[in-house]
Amino acid sequence: MTAPATGRWDTSYHAPVMVEEVVALLAGADPVLDCTLGGGGHSEALLASGSSVVALDRDEAAIIEARKRLAPYEASGRFLAIRGNFGEIDRIQELAGREFGAILADLGVSSHQIDADDRGFSFRPGALLDMRMDRRSTTTAAELLNTLDEAELSHIFREYGDEPRANRLARQIVHRRDRKPMHVSDDLVDAIRGAFGPRMGPGDFARLFQAVRIAVNDELTMLEKALPLLRDKLKPGGRLAVIAYHSGEDRLVKHTMREWSSSCICPPKQLQCTCRGKSLGELITKRAITASPEQTALNPRSRSARLRAWQSAA
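Residues numbered from 1 in each chain as written. Predicted model: local features only at pLDDT ≥ 70, side-chain atom pairs only at ≥ 80, totals over all residues. Heavy atoms only, no water.

A few words now on unusual backbone geometry. Of the consecutive residues D30 and P31, the connecting peptide bond is found in the cis state with omega at -10°. Here P31 shows up in the loop between α1 (19-26) and β1 (32-34). A positive phi angle, near 50°, is found at M18, a position not held by glycine. You can see M18 is positioned in the segment before α1. Assessed through its relative accessible area of 0%, M18 is described here as buried. At M131, a position not held by glycine, the phi torsion is positive, near 75°. Mapped onto the elements, M131 comes out in the loop between α5 (111-115) and α6 (141-147). A relative accessible area of 0% places M131 in the buried class. (Helix = DSSP H or I, 4+ residues; strand = E, 2+ residues; numbered from the N terminus. Buried < 20%, exposed > 50% of the residue type's maximum accessible area, 1.4 Å probe, protein only.)

Put into structure tokens, the structure is as follows:
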């Protein structure tokens, strides 16, 4: 694979991850479904490679920004943006009956969403605890932190934040919110330091804020539901590429793609095969592709990215 042209597809709105690697994996596919439009960097690169693109995003602001950027492609009929959740792709009327040569799902949050204090994804001082990817949703991070019981909060930080001392943080949040409801990023940062000590730093905050974001947007449940729906939207021989940033997401993608690639998924001790008896396709990436040192230097948020790809049976 050729070295990526780092930064080529970046804008002030978003710096997309592993663009050249994605284009190499999906080269020649048409049309392509970009499930997570964001700032439009991946879509633009795929359009420039010759593919036509249909793109989804839950965030209306992302769609508006990307449509400006990709207006010439939209005018020529090669690009279409739809507001929707790829976890509910079977309910999107514009996609009914359509199949795609390739599908891309970049599961990260856009740079713009992280940097915008009013979106509440950041732990910068004073940022609202919102974290909704789709503002039509009613549940914010503040509401979740102020209403879930200790056991539910502990589950979020343990499962989504890989935090072994999750009980301690959950207890600290419940204690603090009884005196003052959690409203801004400082409230959660203070609870983290109150639970674990003042030496907690940006890496810890990023991991635990991410855990709350995953819970607010029900991201793992949505991904688990979405993967077979996306697979069924592929043409024979079509390719699915997924970029994950969280260990739970990547684990789910890895295990799902491996299962699809197995000819038998019956329990190991079962004497006779009663499953489908054939694989649904094959892995393109035996191991996850990670961002190059050049990319991580340019975009530190790409350090945790893991790209995996799978191809359906012809």
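Attention shifts here to the pairing of strand β5 (residues 234-244). The element β5 is extensively covered by neighbouring structure, given that nine of its eleven residues are classed as buried. Sheet topology places strand β4 (residues 100-106) next to β5; six bridges connect them, and they run parallel. Counterpart to A105 in the pairing with β5 is V242. As judged from the six bridges shared by β5 and strand β7 (residues 306-312), these two strands associate in the antiparallel manner. In the strand pairing of β7, A244 is matched with R306. (Pairing = 2+ DSSP bridges.)

This part covers the sheet that holds β7. What the seven strands build is an open sheet, ordered β3-β2-β1-β4-β5-β7-β6; its pairing is mixed. Edge strands, defined here as strands with exactly one partner in the open sheet, are β3 (79-83) and β6 (281-283). Across the sheet, the mean angle from the axis of one strand to that of its neighbour is 15°, orientation sign disregarded. Packed onto the sheet, helix α11 (residues 219-231) meets β4, β5 and β7 and runs at close to 150° relative to β5. Helix α12 (residues 247-261) contacts β5, β6 and β7 of the sheet and is inclined by roughly 20° relative to β7. (Axes fitted to C-alpha atoms, helices over the stretch in contact; angles between N-to-C directions. Contact = heavy atoms within 4.5 Å.)

Turning our attention to the environment of E21. One can find E21 in helix α1. On a C-alpha basis, the gap between E21 and E65 in space is 24 Å, while along the polypeptide they are 44 residues apart.

Between the first and last C-alpha of α11 there are 18 Å, a value that for 13 residues agrees with the 18 Å anticipated at 1.5 Å per step. Of all the bends in α11, the largest measures some 25° and sits at K225, one to four residues before the proline P228. Along α11, the positions that sit buried rather than exposed are E219, L220, M222, L223, A226, L227, L230 and R231. Those residues of α11 that are buried are in contact with β4, α10 (202-216), β5, α12 and β7. (Expected span 1.5 Å × (residues − 1). Bend = angle between axes of the 7 residues up to and from the residue.)

A separate point is the nonpolar core. Within the largest apolar cluster, 33 residues are counted, with the highest numbers of intra-cluster contacts made by L145 and F157. Where this core is concerned, the elements lending two or more residues are α6, α7 (150-159), α8 (166-179), α9 (185-196) and α10. At eight residues, α10 tops the list of elements feeding residues into this core. If we skip the residues at most four places from it in the chain, F157 touches L145, D162, E163, A166, L169, I173, L208, A211 and V212. Within the second largest apolar cluster, 30 residues are counted, among which are V53, I243, I289 and A291. (Core = buried A, V, L, I, M, F, W, Y, C linked by side-chain atoms within 4.5 Å.)

A word on helix α2 (residues 41-48). Most of α2 sits out of view: seven of its eight residues are buried. When we look at burial in α2, the residues that qualify are G41, H42, S43, E44, A45, L46 and L47. The first or second residue beyond α2 is G50, which carries a positive phi of 115°.

Here the focus is the side chain of R308. Among the secondary structure elements, R308 is positioned in strand β7. Overall, R308 belongs to the buried group, its relative accessible area being 9%. Only 2.7 Å separates the side chain of R308 from the side chain of D250, close enough to count as a polar contact. (Polar contact = N/O pair within 3.5 Å; in protein donor to acceptor, adjacent residues only side chain to side chain.)

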